[in-house]
Amino acid sequence: MITTLTLALLCLFAFMAGFIDSMVGGGGLIQLPAMLLLLKGVPEPTIFGTGKVSSLMGTLAALRRYAGQVPIQWRAVGTAAVVAGSFAFLGARVVSMFPRELLRPMVLGLLVVIALYTFWRKDLGALHAPRLTARREVWVAIIMGAIIGFYDGFFGPGTGSFLLFTFVGLFGYDFLTASASAKLVNVATNLAGLAYFAYTGQVLWMVALPMAVCNIIGSTLGANVALKQGTGFVRILFLVVVSGIILKLGWEMFK
């Protein structure tokens, strides 16, 4: 039995997750722990599936807001989205066949490197200066989509931040354009994950739909703030969120 208070708290956390995720990713750090804490007795796969509804709708809202204001390289980013969605579904299918705990040290180390590199390179993502040809962008997008898409379906934490950093570091996008591009790929991975969970009946729709509404509101507001404040603000927030993911994964490993 889901009480009104529980649902209200879940909606609050969904709003907060949407607000942060729309700019730099990492909304799962807010929403998923809250769901695990408040939905006691609900199987974890059902919690994951329920959260996917909220995440998908919020990401769609942010993408819609960015699409009218920030130029998106639809050929390359769209290719990454299609590939990432396919591999996210594959990752969700094989997740039970591999001990995910083995990934945590690797992910933690990679996030530390990303944070240090971003902090050291003060000009990283400050200017939009694509460094790849159109053809190379597509090939890099395919590889990136396969790796990050599979990771998102298989494990998940930090996916949005990995996408953002990849678009900045490899493609040469500024943080604002990279954030918009990451949203398109995230829509595909969330949709693929939701398709799997919905097909297997692992979604609490009475919880998922109100949370989705609040996530949409938070995502829209967050995208508006990012567009208003610009790339410098998004870069700082990116460093804060990545640091949060590092602390969370580190705590889970060494507690």
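Residues numbered from 1 in each chain as written. Predicted model: local features only at pLDDT ≥ 70, side-chain atom pairs only at ≥ 80, totals over all residues. Heavy atoms only, no water.

A. The overall build of the chain, seen in detail. For the chain, the count of helices and strands is ten helices and zero strands. Buried positions account for 51% of the 255 residues belonging to the chain. When contacts within the chain are restricted to residue pairs at least 6 apart in sequence, long-range pairs at least 24 apart make up 84% of them. (Helix = DSSP H or I, 4+ residues; strand = E, 2+ residues; numbered from the N terminus. Buried < 20%, exposed > 50% of the residue type's maximum accessible area, 1.4 Å probe, protein only. Contact = heavy atoms within 4.5 Å.)

B. A look at the packing of aromatic side chains. Using the criterion set out here, one finds six aromatic pairs in the structure. Look at Phe167 and Phe171: their rings are 5.1 Å apart centre to centre, the planes differ by 50°, and that puts the pair in the tilted class. Ring centres 5.8 Å apart and planes at 70° place the aromatic pair Tyr196 and Phe197 in the edge-to-face group. (Phe/Tyr/Trp six-rings, centres within 6.5 Å; stacked < 30°, edge-to-face > 60°.)

C. Here's a closer look at the UniProt feature "transmembrane region" (unreviewed entry) in the chain. Within the UniProt annotation, "transmembrane region" (unreviewed entry) is assigned to residues 76–96, 102–120, 138–156, 162–182, 203–227 and 233–251. As annotated, residues 203–227 comprises 92% helix and 0% strand, and the C-alpha atoms at either end are separated by 33 Å. When the span residues 233–251 is considered, its composition is 100% helix and 0% strand, and the gap between its end C-alpha atoms is 27 Å. (UniProt positions renumbered as here; feature names shortened; annotations may be inferred.)

D. Representation of the nonpolar core in the model. Among the nonpolar cores identified, the biggest contains 54 residues, and Val24, Tyr66, Phe167 and Val185 are the most heavily contacted of them. Contributions of two or more residues to this core are made by α1 (4–24), α3 (44–67), α4 (74–94), α6 (134–154), α7 (159–169), α8 (175–199), α9 (205–229) and α10 (231–254). The element best represented in this core is α8, accounting for twelve residues. For Phe167, the contacting residues outside a window of four places in its chain are Val77, Met144, Gly172, Tyr173, Ala178, Ser181, Ala182 and Val185. In this structure, Ala14, Met35, Leu39 and Met211 belong to the second largest nonpolar core, which totals ten residues. (Core = buried A, V, L, I, M, F, W, Y, C linked by side-chain atoms within 4.5 Å.)

E. Region of the structure containing helix α2 (residues 28–38). Considered for burial, the residues of α2 that qualify are Gln31, Ala34 and Met35. The buried residues of α2 occupy an angular sector of 100° when the element is viewed end-on, so they sit on one face. Packed against the buried residues of α2 are α1, α3 and α9. (Arc of directions from axis to C-beta.)

F. Structural detail: the environment of Gly109. Inspection of the secondary structure assignment puts Gly109 in helix α5 (residues 103–120). As for Gly109 and Gly250, which are separated by 141 residues in sequence, their C-alpha atoms are 9.7 Å apart.

G. Highlighting α8. An ideal rise of 1.5 Å per residue puts 36 Å on 25 residues; α8 measures up with 35 Å between its terminal C-alpha atoms. The buried fraction of α8 amounts to 21 of the 25 residues, a majority that puts the element mostly inside the structure. Where α8 starts, the residue carrying a side-chain oxygen 2.9 Å from the main-chain nitrogen of Leu176 turns out to be Asp174. Positive phi shows up at Gly201, right after α8, with a value of about 70°. (Expected span 1.5 Å × (residues − 1). Polar contact = N/O pair within 3.5 Å; in protein donor to acceptor, adjacent residues only side chain to side chain.)

H. How the structure looks around the side chain of Ser22. Its location among the elements puts Ser22 in helix α1. Residue class for Ser22 comes out buried when judged on its relative accessible area of 1%. Aside from chain neighbours lying at most four places away, what touches Ser22 is Ala62, Tyr66, Ser179, Lys183, Gly218, Ser219, Gly222 and Ala223.

I. Layout of a nonpolar patch on the surface. A cluster of nonpolar side chains, Leu5, Leu9, Leu12 and Met16, forms an exposed patch at the surface whose accessible area comes to about 350 Å². Relative to the assigned elements, Leu5 resides in helix α1. (Patch = residues over 30% accessible without salt bridge, like charges linked within 9 Å, V, L, I, M, F, W, Y side chains within 5 Å. Areas by Shrake-Rupley, 256 points an atom, 1.4 Å probe, with all protein chains shown as cover. Salt bridge = Lys/Arg side-chain N within 4 Å of Asp/Glu carboxyl O.)

J. Fine view of the state of the cysteines. All told, the structure shown has zero disulfides when counted by the stated rule. Here Cys11 stays free of any disulfide, with the sulfur of Cys214 as its closest cysteine sulfur at 3.9 Å. For Cys11, a relative accessible area of 12% translates into the label buried. (Disulfide = S-S within 2.5 Å.)

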